[in-house]
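Descriptive analysis of the structure
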Amino acid sequence: MTRANSDVRTALLRSVGRIHGAVVSQRRILRLADHVAALMPHGASVLDIGCGDGKLASQIREQRPDLRICGIDVLIRPPVPLPVAQFDGFRVPVRDGGVDVALMVDVLHHTEDPLILLKEASRVARQAVVIKDHVADRRAAHILLRIMDWVGNAPHGVALPYNYLSRRQWTEAFREAGLHPQVWRGRLDLYPRPFSLLLDRDMHF
């Protein structure tokens, strides 16, 4: 890639990041915080696996000050408004049953093998594993999710393997990780109109 092409790509990523932040990001954080906060046991210790910039965890903590939240990520983006440690993306540096809840929000599709991290979350969580991710049962869903992923994450240098699972694959992964889903919510209302008409649909849980 030439220097000129690299500069154009960098400028494009920055522009995309600003637009995404202004139009989508804050609403998404608020809506996700609503969903996640409602699922957390009272007074729980929570490990946010793949916490990113920590904005979601911070919003959850505002709604649920009884929670104790810390995070880990392969790519730390300071300043992060919660205690955060770096990890290798495979082995969660917490003892078996070391936290009440393991939280993973749009993390597993960024891994080469989601089952590895899903098993780790199951290992370290005493009470529950809370997951927000994608469902791709249709080819069109794969295409839309790839675009969404690039817009939301490429500006931050996040790995993009585009590893989306179907509902059947999720069911099998939960079984292999020893997890038994108690709540499944779709249609999360993450995006403002008109984006919601295309993007909310059946691709999120």
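Residues numbered from 1 in each chain as written. Predicted model: local features only at pLDDT ≥ 70, side-chain atom pairs only at ≥ 80, totals over all residues. Heavy atoms only, no water.

Digging into the overall build of the chain
Each helix and strand counted, the chain has 6 helices and 5 strands in total. Overall, the chain shows an N-to-C arrangement of helices and strands of α-β-α-β-β-β-α-β-α-α-α. In the chain, buried positions account for 45% of the 205 residues. Taking contacts inside the chain between residues at least 6 apart in sequence as the whole, the part at least 24 apart equals 69%. With the model as given, the accessible surface of the chain reaches about 10,900 Å², and the carbon-plus-sulfur share is 54%. (Helix = DSSP H or I, 4+ residues; strand = E, 2+ residues; numbered from the N terminus. Buried < 20%, exposed > 50% of the residue type's maximum accessible area, 1.4 Å probe, protein only. Contact = heavy atoms within 4.5 Å. Areas by Shrake-Rupley, 256 points an atom, 1.4 Å probe, with all protein chains shown as cover.)

Remarks on the packing of helix α3 (residues 114-124) against helix α5 (residues 167-176)
At a minimum axis distance of 9 Å, the contact between α3 and α5 shows a crossing angle of 45 degrees. Viewed along their axes, α3 and α5 adopt a mutual orientation that is oblique. The way α3 lies across α5 gives a crossing that is right-handed. Residues Leu 115, Leu 118 and Lys 119 of α3 touch α5, and the partners they reach there are Ala 173, Phe 174 and Glu 176. (Axes fitted to C-alpha atoms, helices over the stretch in contact; angles between N-to-C directions. Parallel < 35°, antiparallel > 145°, perpendicular 65-115°, else oblique. Left-handed = near helix turned anticlockwise from the far one by under 90°.)

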